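Observations on the model geometry
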Amino acid sequence: MSANPFWDFSLAVYGRPGVPACCLALQDRRGVDVNVLLFAAWAGLECGVRLSADDLARIDGAVCGWREEMVRPLRVLRRRAKLEDDALYRRMKAAELEAERVQQDRLFAAGGLTPQPGGSVELAAANMALLVPGGDPALDELVGLLRGG
């Protein structure tokens, strides 16, 4: 277990079949930051916390500069390299993952949450819904995957 239980949660959840596709659909179609989405899920599932829109805005504000200046540019470069050079693609993928780990460390610090009993898929779903106004089929599918279905 690392010093960041949110990172551990994210690795475990993102490793489940179907989860990456749902997250990336929300990222590409709706502009959702996957790390913030996972934080919202972690807060509900592992910490038993119902976040408000203000909570999410504050937490997002703590990482938006990093996301815009580091994570997104690395993603663009990785996607470009995938078409042209496999070795560079693999290095860019590793750099992007490391930038996302730093972002998750910052989310964890900004959130000030710790795992505790009382979490639920319903809390996670309510938290994530704040990031996807009007809902989305990919969000519904993600909630189902978190539920184990």
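What counts and what doesn't
- Residues numbered from 1 in each chain as written.
- Predicted model: local features only at pLDDT ≥ 70, side-chain atom pairs only at ≥ 80, totals over all residues.
- Heavy atoms only, no water.
- 1 Å grid on protein atoms, 1.4 Å probe; cavity = no way out; pocket = protein on both sides within 12 Å on 5 of 7 lines; lining within 4 Å.
- Points joined across faces, edges and corners; volume = space filled by probe spheres on them.
- Helix = DSSP H or I, 4+ residues; strand = E, 2+ residues; numbered from the N terminus.
- Nonpolar A, V, L, I, M, F, W, Y, C, P; charged D, E, K, R; others polar.
- Core = buried A, V, L, I, M, F, W, Y, C linked by side-chain atoms within 4.5 Å.
- Buried < 20%, exposed > 50% of the residue type's maximum accessible area, 1.4 Å probe, protein only.
- Contact = heavy atoms within 4.5 Å.
- Phe/Tyr/Trp six-rings, centres within 6.5 Å; stacked < 30°, edge-to-face > 60°.

Examining the layout of surface pockets
Put simply, the largest pocket is a space of about 440 Å³. Forming the walls of the largest pocket are 18 residues, and the residues nearest its centre are Tyr14, Leu24, Glu96, Leu97 and Glu100. Secondary-structure elements contributing two or more residues to the lining of the largest pocket are helix H1 (5-14), helix H2 (19-30), helix H3 (34-46), helix H5 (64-84) and helix H6 (86-111). If you tally residues by element for the lining of the largest pocket, the top one is H6, at six residues. Taken together, the residues of the lining of the largest pocket break down into eight nonpolar, four polar and six charged.

Comments concerning the nonpolar core
In terms of nonpolar packing, the biggest core is built from 38 residues, with Leu37, Phe39 and Met128 touching the most fellow members. Mapped onto this core, the elements with two or more residues apiece are H1, H2, H3, helix H4 (53-61), helix H7 (121-129) and helix H8 (137-147). At 10 residues, the largest contribution of residues to this core is made by H3. Setting aside residues up to four positions removed in sequence, Leu37 forms contacts with Cys23, Leu26, Val32, Met128, Leu131, Leu139 and Leu142. The next biggest cluster of nonpolar side chains, apart from the first, holds six residues, and it includes Trp66, Val71, Leu74 and Met92.

Regarding the packing of aromatic side chains
Taken as a whole and assessed by the stated rule, the structure comprises four aromatic pairs. Look at Phe6 and Phe39: their rings are 5.3 Å apart centre to centre, the planes differ by 85°, and that puts the pair in the edge-to-face class. With Phe6 in helix H1 and Phe39 in helix H3, the pair connects residues that are 33 residues apart, well separated along the chain. An identical accessibility class is assigned to Phe6 and Phe39; each is buried. Between Phe39 and Trp42 the ring centres are 5.6 Å apart and the planes differ by 50°, which places this aromatic pair in the tilted class. Of this pair, Phe39 and Trp42 both sit in helix H3, three residues apart, which is roughly one turn of that helix. Of the two residues examined, Phe39 and Trp42, each falls in the buried class. Put simply, the rings of Phe6, Phe39, Trp42 and Phe108 pair up and form one aromatic cluster.

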